[in-house]
There are 2 protein chains.
Amino acid sequence: MKKKSIKDIAQELGLSKTTVSFVLNNKGDEKNISKKTQEKILAYVREVNYQPNQIAKSLKKGTTHTIGYLVPDISNPFYAKIGRLIEDVLADKGYHLLIGSTDEKQEKEDALLNMFVNRQVDGLILASTFENLGMLKTLSAQRFPMVFFDREHPDFIGNYILVENKNAMKEAVNTAINKGAKKIGLLSITPNIYSLKLRIDGYRESLVENQLNVDEDLMRIVDNSRIKESTQEELNYLMDKDVDAVVFTNNQITALALWAMNINHKDKIDSVRFVSFDNLDLFDYSNPKVNSIAQPIDSIANHLVDILHEVMQSTERVSKRIVLEPKLIERL
Amino acid sequence: MKKKSIKDIAQELGLSKTTVSFVLNNKGDEKNISKKTQEKILAYVREVNYQPNQIAKSLKKGTTHTIGYLVPDISNPFYAKIGRLIEDVLADKGYHLLIGSTDEKQEKEDALLNMFVNRQVDGLILASTFENLGMLKTLSAQRFPMVFFDREHPDFIGNYILVENKNAMKEAVNTAINKGAKKIGLLSITPNIYSLKLRIDGYRESLVENQLNVDEDLMRIVDNSRIKESTQEELNYLMDKDVDAVVFTNNQITALALWAMNINHKDKIDSVRFVSFDNLDLFDYSNPKVNSIAQPIDSIANHLVDILHEVMQSTERVSKRIVLEPKLIERL
DNA sequence: ATGAAAGCGCTAACAT
DNA sequence: ATGTTAGCGCTTTCAT
């Protein structure tokens, strides 16, 4: 038994597709369809459990009620949580999420962007690598509804929901210094992303302000392509240099360092201070404890959807840049 | 400038839609389109960066190259990771994921199932709550391609990728007992799911086999609707009873208990033994350490896609039940 | 109060 | 070697 279409329903009831369509779309009254016809249709539709084909609807109306969610890695807790929050608020509006992970690779990002566009998503929420501005600029020129978060690119004007990076990092490092840290290393993934650069700047500024030596040798960049091993090596390097604190620029690298720490430097777990941009629930019970800069994910998610919604409505060009305040969570 | 359609391309090149369509779908040779025409089309298409409308394609072909991924919570690391793995292998085949989180609520699950079906997804990968067998059975009767994982329902025949629950749990508890645990509590979310029941059975069997007292009072079920507070209360209860080990039936509850432990029972962190079904990376550096039963997520993801693919191909009814072996990770 | 018909962008059987 | 045409399932304008 094939799926029923509006045509089937109409035939079986001896009505026209038009009438059925009107009623199904709650335009029965407006279109002067008699009460009994309306009831007849609704009853029948319920009886046979008719389900409209959204693809056909989408083709006709040019809108899919689908939003693309493009991030480096949907399994990263930060993106997963924001994804979940977005999913919930979008679902209330009848929108759903098509997802895509880029692994920070431009080719993947481009392919996914094309995919999203071809599938006629109504809008895009993205943590872009910003390596191919061309494509993004083209979309932007076509007024394709997009809202960016987590990262920004100075040369790309668009809608951004961001958090304060530099000052938040500076304050977190200040706190560590006030608590006694004197030799502070830094571990970061490749800072090809502007936000990461800002975080590193914050670290630098704190050292300067506190008259600590800014030692480039203590700022270690891990090799993204072999991130686990590289983190381990660089952490070892820092521990050998006897740093009393390590600053991390995102949650992924902090988690890896926690792992490496438990393997190679158990003895120093209680004497070293970890400071991480991005929070993870596990920092509450990790060993060592971590002071973290928590991004306000609920607020980020809400703003993302709000702005996207606004952009999808309005015909004028919108370019908002909203910067939210992260919160330092002190655990040690 | 509106998006170009095949019709535009055809007109601008003085050809028919058919010819253009054939060439775009690599049927140029097969359909005897001359080399020069083919080249002309391809060059032009590249020049204007024509992008086919997948919605139109989908309507015509009845296939969307979209798979629905329905889970309790996409931000749970277990589902997020499997989601990511699936995304990657599906992307290679040109498929993409539409996601939906149910929060274990039947209404949400039903709504999402309808949504997926209306959007004509080609298949479904689901960790169902199995509270509404009716809907699932209807889909199954229509041969809708579905593969289930993480949970199963004895009354529902379908394709399942599962892990061994009972024996894995039994062995994990045995290990704890061998290492000295004598009074072992259990903390679980509401075991309305068959897999959870099996895990609890495993715990029970281990106690029996080891001639330990099976005390129902030490088997605590938390209230899902206020899971954080409830976990805290129940953990407190068990600690007051002086258990020397606690068994958890999934990662979510273990993570919450770790948090509660660090708030309320710091003193006992080194004397209590945690055993968790499901692994989390953070168990490597959590405090207390946790022995965990790690599900083989890569293998689960691969099987899910393989079987789904198989089901989508074949016209016969397939019902495979694949049970994978989890692995006990000992950390203490 | 209801229906006929066109059309969204694409594919493919069937001409020519 | 290329074109004509019908049709996927729906919405909507314009008739009646």
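Residues numbered from 1 in each chain as written. Chains lettered and ligands numbered in written order. Predicted model: local features only at pLDDT ≥ 70, side-chain atom pairs only at ≥ 80, totals over all residues. Heavy atoms only, no water.

1. Some details on the relation of the copies chain A and chain B
The cut-off we apply is this: Only residues with pLDDT of at least 70 in both copies contribute their C-alpha atoms to the least-squares superposition of the copies. Contacts are assigned to residue pairs that have any heavy atoms within 4.5 Å of one another.
For these two chains of identical sequence, chain A goes onto chain B by a turn of 180 degrees and a shift of 0.0 Å along the axis, with RMSD 0.1 Å. The operation mapping one copy onto its partner corresponds to a two-fold rotation axis. Here 100% of the interface residues in chain A have copies in chain B that are interface residues too; the copies meet face to matching face.

2. A short note on the domain arrangement of chain A
For clarity, the cut-off: Reported domain spans reflect what an automatic or database domain assignment gives.
Segmenting chain A into domains produces domain 1 (6-52), domain 2 (64-163 + 298-324) and domain 3 (166-294). Computed over C-alpha atoms only, the centres of domain 1 of chain A and domain 2 of chain A are separated by 38 Å.

3. Regarding the protein's contact with DNA strand D
Threshold: Think of it this way: one heavy atom of a residue within 4 Å of a molecule or strand is enough to make that residue near it. Identification of polar contacts relies on pairs of N or O atoms within 3.5 Å, with a donor-acceptor requirement for protein atoms, meaning one able to donate a hydrogen and the other able to accept it, and with residues adjacent in sequence counted only if both atoms are side-chain atoms. Classes in brief: Ala, Val, Leu, Ile, Met, Phe, Trp, Tyr, Cys and Pro nonpolar; Asp, Glu, Lys and Arg charged; the others, Gly included, polar.
Neighbouring DNA strand D are 29 residues; Ile6(A), Lys17(A), Tyr50(A), Lys57(A) and Thr18(B) lie closest to it. Sugar and phosphate atoms constitute 57% of the interface atoms of DNA strand D, taking the interface as everything within 4 Å of the protein. Contacts to DNA strand D include Ser21(A), whose side-chain N or O atom sits 2.8 Å from a phosphate oxygen. Between Lys60(A) and DNA strand D, the recorded distance is 3.2 Å, taken from a side-chain N or O atom to a base oxygen. In the surface near DNA strand D, the residues fall into eight nonpolar, 12 polar and nine charged.

4. Structural notes on unusual backbone geometry
Heads up, the rule is: Every helix listed is a DSSP run of H or I at least four residues long, and every strand listed is a run of E at least two residues long, numbered separately from the N terminus. Type-normalised accessible area, obtained with a 1.4 Å probe on protein chains alone, sets the label of each residue: buried when under 20%, exposed when over 50%, and partly exposed for intermediate values.
With an omega of 5 degrees, the peptide bond between Asn287(A) and Pro288(A) qualifies as cis. Checked against the element boundaries, Pro288(A) lands in the loop between strand E9 (273-277) and strand E10 (290-294). For Asn32(B), which is not glycine, the phi torsion reads 60 degrees and is therefore positive. Tracing the sequence through the fold places Asn32(B) in the loop between helix H2 (17-24) and helix H3 (35-47). On the accessibility criterion, Asn32(B) (67% relative accessible area) is exposed.

5. Thoughts on a positive patch on the surface
Residue and element names in this part refer to chain A. Under the convention used in this document: A patch is a set of surface residues, each over 30% in relative accessible area and not in a salt bridge, joined within 9 Å for like charges and within 5 Å for the nonpolar side chains Val, Leu, Ile, Met, Phe, Trp and Tyr. The protein chains shown are the only cover counted for residues, whose accessible areas, like all others here, come from Shrake-Rupley with a 1.4 Å probe. The rule for a salt bridge is simple: a side-chain nitrogen of Lys or Arg has to be within 4 Å of a carboxyl oxygen of Asp or Glu. His is not counted, nor are the chain ends; Lys and Arg add positive charge and Asp and Glu add negative charge. Think of each charge as sitting on NZ of Lys, CZ of Arg, CG of Asp or CD of Glu.
Where like charges cluster on the molecular surface, the positive patch consists of Lys27, Lys31, Lys57 and Lys61. In this structure, Lys61 sits in helix H4 (residues 54-61). The exposure class of Lys61 is exposed, given its relative accessible area of 61%.

6. Overview of helix H11 (residues 251-264) of chain A
Where we set the bar: Multiplying 1.5 Å by the residue count of a helix minus one yields the expected span of that helix.
Across its 14 residues, H11(A) extends 20 Å between first and last C-alpha, which sits within 8% of the 20 Å expected from 1.5 Å per residue. Looking only at H11(A), the buried set comprises Asn251(A), Ile253(A), Thr254(A), Ala255(A), Leu256(A), Ala257(A), Leu258(A), Trp259(A), Ala260(A), Met261(A) and Asn262(A).

7. Some words on the UniProt feature "domain: HTH lacI-type" (unreviewed entry) in chain A
This is how the line gets drawn: UniProt positions are given in the numbering used here, feature names are shortened, and annotations may be inferred rather than shown by experiment.
Summarizing the sequence annotation, UniProt attributes the feature "domain: HTH lacI-type" (unreviewed entry) to residues 4-61 of chain A in the numbering used throughout. Secondary structure within residues 4-61 of chain A divides into 64% helix and 0% strand; the distance between the first and last C-alpha atoms comes to 20 Å.

8. What about the pairing of strand E1 (residues 66-71) of chain B?
All names here are of chain B. Note the following rule: Note: two strands are recorded as paired if DSSP finds a minimum of 2 bridges between them. Convention used here: a crossover is right-handed provided that the path from the first strand, over the helix, to the second strand proceeds clockwise when the strands point away from the viewer.
Within E1, six of the six residues are buried, which leaves the element mostly enclosed by the surrounding structure. Side chains Thr66, Gly68 and Leu70 of E1 all project onto a buried face; the interleaved residues Ile67, Tyr69 and Val71 project onto the opposite face, where all are buried too. Note that E1 and strand E2 (residues 96-101) share six bridges and pair parallel. Among the inter-strand pairings, Ile67 is bridged to a residue of E2, identified as Leu97. You can see the chain leave E1, run along helix H5 (residues 77-92) and come back into E2, and the turn it takes is right-handed. Pairing of E1 with strand E3 (residues 123-126), which is carried by four bridges, proceeds in the parallel orientation. Looking across to E3, one finds that Ile67 is bridged to Gly123.

9. Structural notes on the protein's contact with DNA strand C
Residues in contact with DNA strand C amount to 29 residues; listed here are only the nearest, Ser16(A), Thr18(A), Ile6(B), Lys17(B) and Tyr50(B). Here the atoms of DNA strand C within 4 Å of the protein split so that 60% fall in sugar or phosphate, with bases taking the remainder. Take Thr19(A): an N or O atom from its side chain is 3.0 Å from a phosphate oxygen of DNA strand C. Asn53(B) is positioned such that a nitrogen or oxygen atom in its backbone is 3.0 Å from a phosphate oxygen of DNA strand C. Per-class residue counts for the surface near DNA strand C are eight nonpolar, 12 polar and nine charged.

10. A few points about the interface of chain A and chain B
Our working definition: Here the quantity called buried area is the total loss of accessible area, with a 1.4 Å probe, experienced by two parts when brought into contact, counted for both.
With 47 residues of chain A at the interface, the matching set in chain B holds 47 residues. The junction of chain A with chain B conceals about 4,100 Å² of combined surface from both sides, 56% of it contributed by carbon and sulfur atoms. Its salt-bridge partner being Arg84(B), residue Asp103(A) comes within 2.6 Å of it at the nearest N-O pair. Counting every contact that joins chain A to chain B gives 22 residue pairs in polar contact (both at pLDDT 80 or more). Mapped onto the side of chain A that touches chain B, the elements with two or more residues apiece are H4, helix H5 (77-92), strand E2 (96-101), helix H6 (106-118) and H11 of chain A. Class assignment of the residues belonging to the side of chain A that touches chain B gives a composition of 18 nonpolar, 18 polar and 11 charged. As defined by bridge partners, E2(A) adjoins E2(B) across three bridges and the pair is classed as antiparallel.

11. Focus: the side chain of Ser188(B)
Residue and element names in this part refer to chain B. Looking at the element boundaries, Ser188 is found in strand E6 (residues 184-188). Since its relative accessible area comes to 0%, Ser188 is described here as buried. At 2.7 Å, the side chain of Ser188 forms a polar contact with the side chain of Thr249. Excluding residues that lie within four positions of it along the chain, Ser188 makes contacts with Ile200, Arg220, Ile221, Val222, Thr249 and Ile253.

12. Considering the sheet that holds E10(A)
Residues and elements named next belong to chain A. So the rule is basically this: In this analysis an axis means a line fitted to C-alpha atoms, helices contributing only their contacting stretch, and an angle means the value between N-to-C directions, from 0 to 180 degrees.
Spatially, the six strands line up as an open sheet ordered E7-E6-E8-E9-E10-E12, and their pairing is mixed. Pairing within the sheet leaves two strands with one partner each, and these edge strands are strand E7 (219-221) and strand E12 (327-329). Direction aside, the axes of adjacent strands within the sheet are offset by 15 degrees on average. The sheet contact formed by strand E6 (residues 184-188) and strand E8 (residues 245-248) spans four bridges and is parallel. Bridge pairing in E8 links Ile184 to Ala245. Each of E6, E7, E8 and E9 is contacted by helix H10 (residues 227-240), which is oriented at about 170 degrees to E6, the strand it contacts most.

13. Side note on helix H7 (residues 133-141) of chain B
All names here are of chain B. Keep this limit in mind: As used here, the arc belongs to the directions running from the helix axis to the C-beta atoms.
All buried positions along H7 are accounted for by Leu133, Met135, Leu136, Leu139 and Ser140. Angularly, the buried residues of H7 cover 165 degrees about the axis, an arc narrow enough to put them on a single face. Buried residues in H7 make contact with helix H6 (106-118), E3 and strand E4 (146-149). Downstream of H7 by one or two residues, Arg143 has phi in the positive range, about 65 degrees.

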